[in-house]
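Each chain, letter by letter, is given below.
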Amino acid sequence: MEMQVAIEELVEKGVFISQIESWDFLSGGTSSQVAKVCCEGDWEYVVKINDSCVIRAEARFLCIYGGLSILPSPVYEADEYVVYPFLEGETSGIRPEKRQMLQELVVGLINHYRMATRGSGWYSDVHWLRFLQKETMGARLIIGHNLSEEDALLIVRIVQKQPIEPAMLLHGDCGVHNFLFQDQHLSAVIDPIPVDGPPTYDLIFAFFSSPEDLTEKTLTYALQFLKTPIPGDFYGSVLIGLYIRIARCLLHHPADLEQYLEAWEYWKLCYYRQKNSTLLDSSVE
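In this text the structure is predicted, and so the values were computed from the model without any measurement.

**Q** How do you make sense of a negative patch on the surface when you look at a structure like this?
**A** A contiguous patch of negative charge, built from Asp 51, Glu 77, Asp 79 and Glu 80, is present on the exposed surface. Taking relative accessible area as the criterion, Glu 77 reaches 38% and is therefore assigned partly exposed.

**Q** Teacher, can you tell me more about the side chain of Gln 162 here?
**A** By the element assignment, Gln 162 lies in the loop between helix H5 (149–160) and strand S6 (168–170). Exposure remark for Gln 162: the relative accessible area of 8% places this residue in the buried category. Setting aside anything within four residues of it in sequence, one finds Gln 162 in contact with Leu 129, Leu 132, Asp 233, Gly 236, Ser 237 and Ile 240.

**Q** Hey, could you run me through unusual backbone geometry in this one?
**A** Excluding glycine, residues mostly have negative phi values, and the peptide bonds linking residues are mostly trans. In this structure, Asp 183 takes a positive phi of about 55° despite not being glycine. Relative to the elements of secondary structure, Asp 183 occurs in the loop between strand S7 (179–182) and strand S8 (185–189). Using a relative accessible area of 68% as the deciding quantity, one classes Asp 183 as exposed. Of note, the phi angle at Asp 213 is positive, near 55°, even though the residue is not glycine. Looking at the secondary structure, you find Asp 213 in the loop between helix H6 (200–208) and helix H7 (216–223). Assessed through its relative accessible area of 35%, Asp 213 is described here as partly exposed.

**Q** How do you make sense of the sheet that holds strand S2 (residues 33–39) when you look at a structure like this?
**A** The pairing of strands in a sheet happens through backbone hydrogen bonds and is either parallel or antiparallel. Read across the open sheet, the five strands follow the order S1-S2-S3-S5-S4; overall the sheet is antiparallel. Two strands close off the open sheet at either side, each with one partner strand: strand S1 (20–26) and strand S4 (76–77). Packed onto the sheet, helix H1 (residues 3–13) meets S1, S2, strand S3 (43–49), S4 and strand S5 (81–85) and runs at close to 145° relative to S1. Against the sheet, helix H2 (residues 52–64) touches S3, S4 and S5, its axis set at about 30° to S5.

The rules we used
- Residues numbered from 1 in each chain as written.
- Predicted model: local features only at pLDDT ≥ 70, side-chain atom pairs only at ≥ 80, totals over all residues.
- Heavy atoms only, no water.
- Patch = residues over 30% accessible without salt bridge, like charges linked within 9 Å, V, L, I, M, F, W, Y side chains within 5 Å.
- Areas by Shrake-Rupley, 256 points an atom, 1.4 Å probe, with all protein chains shown as cover.
- Salt bridge = Lys/Arg side-chain N within 4 Å of Asp/Glu carboxyl O.
- Lys, Arg positive; Asp, Glu negative; His and termini not counted.
- Charge placed at Lys NZ, Arg CZ, Asp CG, Glu CD.
- Buried < 20%, exposed > 50% of the residue type's maximum accessible area, 1.4 Å probe, protein only.
- Helix = DSSP H or I, 4+ residues; strand = E, 2+ residues; numbered from the N terminus.
- Contact = heavy atoms within 4.5 Å.
- Pairing = 2+ DSSP bridges.
- Axes fitted to C-alpha atoms, helices over the stretch in contact; angles between N-to-C directions.

Now the structure itself:
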């Protein structure tokens, strides 16, 4: 659907609270069209067009978590587009330090996640482990020789041992490219690609979505605000998140690769340290 057609339909349906003064395209995702519509009285809206299944999933996520100030709340949904109020902030705005950004993400969004059950209004037939297998297998093809075969097999083993509970409705694409910043605070999170899995997935995704300050101390700081239990093999989950991020880095931000490869070696050491510590604790028992 063309944006002009969608906006004309919305005008006919009386979705906008006042007359349109102007509209223009915003930068969107790889498959979506996004426009900002300005109406009389300083009313501003976002219209997003995408495949119907993508739009339905996004709108359902935003409706389920409606009321959170960090998310836009849909005002209208059709088969191919969704409309919600324009939120202030910029993806290119001045970010807070990573610790603060992750704290605001956990408190403002992740701690509000709900169980992904059929009765909750959301349920995915995609099993969490199959989702991880698909993501890591795709990453392996992209990463190629940038990491060793031993590293790839390590990820395979870690994925096989990942816990499947708790399964909650997650944002699924929770990175700085989908964060809006205002006054050096995280003001909004946009463009969900919902998936059901453990909340730590979105936290790890956000942590690795920018290459600065990828230290254990920073991630541990954010974990203290998380209300859900932390899995025993948490550092394995961290390696999975970093592995997926290295692949995305190669596709979209190759200049950051060196930093992520350094982080890979650092977090492998953390993983083996935790694993050895767990084995020692078990032997003592």
